[in-house]
6 protein chains.
Amino acid sequence: MPVINIDLGLGQANEEQKKQLIERFTRDAVEVTGIAVDKFVILINELPHENIGVGGKSLKTLKMGH
Amino acid sequence: MPVINIDLGLGQANEEQKKQLIERFTRDAVEVTGIAVDKFVILINELPHENIGVGGKSLKTLKMGH
Amino acid sequence: MPVINIDLGLGQANEEQKKQLIERFTRDAVEVTGIAVDKFVILINELPHENIGVGGKSLKTLKMGH
Amino acid sequence: MPVINIDLGLGQANEEQKKQLIERFTRDAVEVTGIAVDKFVILINELPHENIGVGGKSLKTLKMGH
Amino acid sequence: MPVINIDLGLGQANEEQKKQLIERFTRDAVEVTGIAVDKFVILINELPHENIGVGGKSLKTLKMGH
Amino acid sequence: MPVINIDLGLGQANEEQKKQLIERFTRDAVEVTGIAVDKFVILINELPHENIGVGGKSLKTLKMGH
């Protein structure tokens, strides 16, 4: 605790980028809150683009230009 | 914002049905709240049936009639 | 199961509107998926505007026109 | 309702262990709260170890001894 | 990690019952998975009954017998 | 989309600190993923310490030194 959940579309972050998100979010949260680094848990949930809706359309549809 | 998360079992909705859920939930939410359509994010999370429990049994077990 | 979570800002929906969201989301989901109505659980989580960020600013800041 | 979400790393629980988590969590929750067993929904979300951060490092990195 | 989220209605568990849920869920999860006790985080989210829908009706409506 | 949820204990971050978390998480995520800043939604959920369990004990109990 604290717990940080990140919901992304598949392919929006590769392994190296996920490593950076984990590092930088944790560092920021430690600096801002003063809570010890080992307390932080980060969970990255990746979803297919057909499973993500923005403004009533799926990300898959939006990416096909409709 | 607002964000709508839908947790489903794998196979409970195909791509077309997920498109309809995204469209209809967004339309309803816009009509009910008056918030602009482009503000809505919908995330559909699909889980294997062995990962879902109802009344103390997994959905997989329930579907096998136990 | 299925479970639908809705994250809203405080004041974005009054009790009557929350009732409508519950009714209409459940009706849509039943019609789209064919899953029985009594299986659906909806959870509405309301957050203070200072706890919501859009584009790097809090909803509270955005509403004050900054 | 109530809904219990469990976030685990892939491989931290096999099918039999997930069955036990569903059974034992539901039994405990019924005994503690008095709520009827059929009301409980449990969702187990399994994430790749590179998608999990603890103390600023991914579980994958930690397991490789860095 | 692992992280366990419990969504309850307000009043469905008092402080003592929440303590028991935390203790018993953690003990079960340790016994079932073999993961060390200090790794487990449990978050209990309590919602007003008008914010919970079951079968298309709010828990508040259901409790009033409608 | 993407959506970032942060679960904190009540009092672990005041309004100014929440502002900083929103700003810095968004800036980091933009720099790491290249996704446009206006796409990011951040939701901060604050829980009473009796609702948070770490290692089988509530945060409230731990803070009282037990």
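Up top you'll find the structure we're talking about.
Numbering of residues starts from 1 in every chain and runs along the sequence as written. Working convention: letters from A go to chains and numbers from 1 go to ligands, in the order in which they are written. Confidence filtering applies because this is a predicted model: local features only for residues at pLDDT of at least 70, side-chain atom pairs given and counted only at 80 or more, and all residues used for totals across whole chains, interfaces and linings. Note: side-chain values were computed over all heavy atoms of the structure, leaving out hydrogens and water.

### Side note on helix α1 (residues 15-33) of chain E
Logical step 1: For helices the rule is a DSSP run of H or I covering at least 4 residues; for strands it is a run of E covering at least 2, with both sets numbered from the N terminus onward. The span one expects for a helix is its residue count, reduced by one, times 1.5 Å. Here α1(E) contains 19 residues, and its C-alpha end-to-end distance of 27 Å stays within 8% of the 27 Å for a straight helix at 1.5 Å per residue.
Logical step 2: Among the residues of α1(E), E:Q17, E:K18, E:L21, E:I22, E:R24, E:F25, E:T26, E:D28, E:A29, E:V32 and E:T33 are the ones counted as buried.
Logical step 3: Tucked into the core, α1(E) has its buried residues touching β1 (3-9) and α1 (15-33) of chain D, β1 (3-9) and β2 (41-47) of chain E together with β3 (52-54) and β4 (57-58) of chain F.
Logical step 4: Regarding α1(E), its N-cap is E:N14, as a side-chain oxygen of that residue lies 3.1 Å from the backbone nitrogen of E:E16 further along.
Logical step 5: Downstream of α1(E) by one or two residues, E:G34 has phi in the positive range, about 80 degrees. Here the term buried applies to any residue with accessible area under 20% of the maximum for its type, exposed to any over 50%, and partly exposed to those in between, with areas from a 1.4 Å probe on protein chains only. Note on definitions: a residue-residue contact is assigned when non-hydrogen atoms from the two residues lie within 4.5 Å. In protein, a polar contact requires one atom able to donate a hydrogen and another able to accept it; more generally it is a pair of N or O atoms within 3.5 Å, and residues adjacent in sequence count only if both atoms are side-chain atoms.

### Notes on the relation of the copies chain C and chain D
The operation relating the pair of chain copies consists of a rotation about an axis and a translation along that axis.
Logical step 1: Take chain C, turn it by 180 degrees, move it 0.0 Å along the axis, and it overlays chain D with an RMSD of 0.0 Å. What we have between these two chains is a two-fold relation. Closest approach to the rotation axis among the C-alpha atoms of chain C is made by C:V3, whose C-alpha sits 4.1 Å away.
Logical step 2: The share of interface residues of chain C whose copies in chain D are also at the interface is 100%, consistent with both copies meeting through the same surface. The fit set for superposing copies consists of C-alpha atoms from residues with pLDDT of at least 70 in both; the fit itself is least squares.

### Focus: the interface of chain F and chain A
Logical step 1: Contacts between the two partners involve 24 residues from chain F and, on the opposite side, 24 residues from chain A.
Logical step 2: Between chain F and chain A lies a buried interface of about 2,200 Å² when both sides are counted; carbon and sulfur atoms form 64% of it.
Logical step 3: Take a side-chain nitrogen of Lys or Arg and a carboxyl oxygen of Asp or Glu: if they are within 4 Å of each other, that pair is a salt bridge. On inspection of chain F and its partner chain A, the count reaches four salt bridges.
Logical step 4: The residue F:D28 makes a salt bridge to A:R24 at a minimum N-O spacing of 2.8 Å.
Logical step 5: At the junction of chain F and chain A, the tally comes to nine residue pairs in polar contact (both at pLDDT 80 or more).
Logical step 6: Those elements that provide at least two residues to the side of chain F that touches chain A are β1 (3-9), α1 (15-33) and β3 of chain F.
Logical step 7: With 11 residues, the single largest contributor to the side of chain F that touches chain A is α1(F).
Logical step 8: In this classification, the charged set is Asp, Glu, Lys and Arg, the nonpolar set is Ala, Val, Leu, Ile, Met, Phe, Trp, Tyr, Cys and Pro, and all remaining amino acids, among them Gly, are polar. In terms of residue class, the side of chain F that touches chain A is built from 13 nonpolar, six polar and five charged. The buried area of a pairing is the accessible area, by a 1.4 Å probe, that goes missing from both parts when the two are put together, added over both.

### Structural notes on the sheet that holds strand β3 (residues 52-54) of chain B
Pairing between the strands of a sheet is mediated by backbone hydrogen bonds and can be parallel or antiparallel.
Logical step 1: An order of β4(B)-β3(B)-β2(D)-β1(D)-β1(E)-β2(E)-β3(F)-β4(F) is seen for the eight strands of this open sheet, with the pairing classed as mixed. With partners counted over all chains shown, the strands left at the sheet margins are β4 (57-58) of chain B together with β4 of chain F, one partner each.
Logical step 2: With two bridges joining them, β3(B) and β4(B) adopt antiparallel strand pairing. From the neighbouring strand, B:G53 faces β4(B), where its bridge partner is B:S58.
Logical step 3: Convention adopted: a line fitted to C-alpha atoms gives each axis, helices being fitted over their contacting stretch, and angles between N-to-C directions are expressed from 0 to 180 degrees. Relative to the sheet, α1(D) contacts β3 and β4 of chain B, β1 and β2 (41-47) of chain D together with β1 of chain E, its axis offset from that of β2(D) by approximately 145 degrees.
Logical step 4: Of the strands in this sheet, β1 of chain D, β1 and β2 of chain E together with β3 and β4 of chain F are in contact with α1(E), which crosses β2(E) at around 145 degrees. At least two DSSP bridges between two strands are needed for those strands to be called paired.

### Looking at the interface of chain C and chain D
Logical step 1: At the junction of the two partners, chain C supplies four residues and chain D supplies four residues.
Logical step 2: Surface buried jointly by chain C and chain D totals about 370 Å² across both partners, of which 91% is contributed by carbon and sulfur atoms.
Logical step 3: For chain C, the biggest contributors to the area lost against chain D are C:M1, C:V3 and C:V41; these three give 75% of the whole.
Logical step 4: Where chain C packs against chain D, one counts zero salt bridges.
Logical step 5: Put simply, chain C and chain D have zero residue pairs in polar contact (both at pLDDT 80 or more) between them.

### Focus on the packing of aromatic side chains
For any pair of aromatic rings, geometry is given as the distance between the ring centres together with the angle between the planes.
Logical step 1: When the centres of two rings from Phe, Tyr and Trp lie within 6.5 Å, Trp using its six-membered ring, the rings pair. Their planes under 30 degrees apart give stacked, over 60 give edge-to-face, and anything left gives tilted. One pass over the structure, following the stated rule, counts three aromatic pairs over all chains.
Logical step 2: Judged by centre distance (4.2 Å) and plane angle (0 degrees), the rings of B:F25 and C:F25 are stacked. Pair noted here: B:F25 is in helix α1 (residues 15-33) and C:F25 is in helix α1 (residues 15-33), and the two residues belong to different chains.
Logical step 3: Judged by its relative accessible area of 0%, B:F25 falls in the buried class.

### Observations regarding the relation of the copies chain F and chain A
Logical step 1: Superposition of chain F onto chain A requires a rotation of 180 degrees combined with a translation of 0.0 Å along the rotation axis, giving an RMSD of 0.0 Å.
Logical step 2: Both copies contact each other with a shared surface, as 100% of the interface residues of chain F are interface residues in chain A too.

### Describing the pairing of strand β2 (residues 41-47) of chain B
Logical step 1: Burial analysis of β2(B) places seven of its seven residues in the buried class, the great majority of the element.
Logical step 2: By the alternation rule, side chains of β2(B) split into B:V41, B:L43, B:N45 and B:L47 and B:I42, B:I44 and B:E46, which are all buried.
Logical step 3: Looking at chain direction, strand β3 (residues 52-54) of chain A and β2(B) are connected through three bridges and run antiparallel. Each residue of the ladder has a partner; that of A:G53, found in β2(B), is B:I42.
Logical step 4: The pairing of strand β1 (residues 3-9) of chain B with β2(B) spans seven bridges and is parallel. The residue of β2(B) that forms the bridge with B:N5 is B:L43.
Logical step 5: What joins β1(B) to β2(B) is α1(B), and the crossover it makes is right-handed. The path from the first strand over the helix to the second decides the hand: if it runs clockwise while the strands point away from the viewer, the crossover is right-handed.

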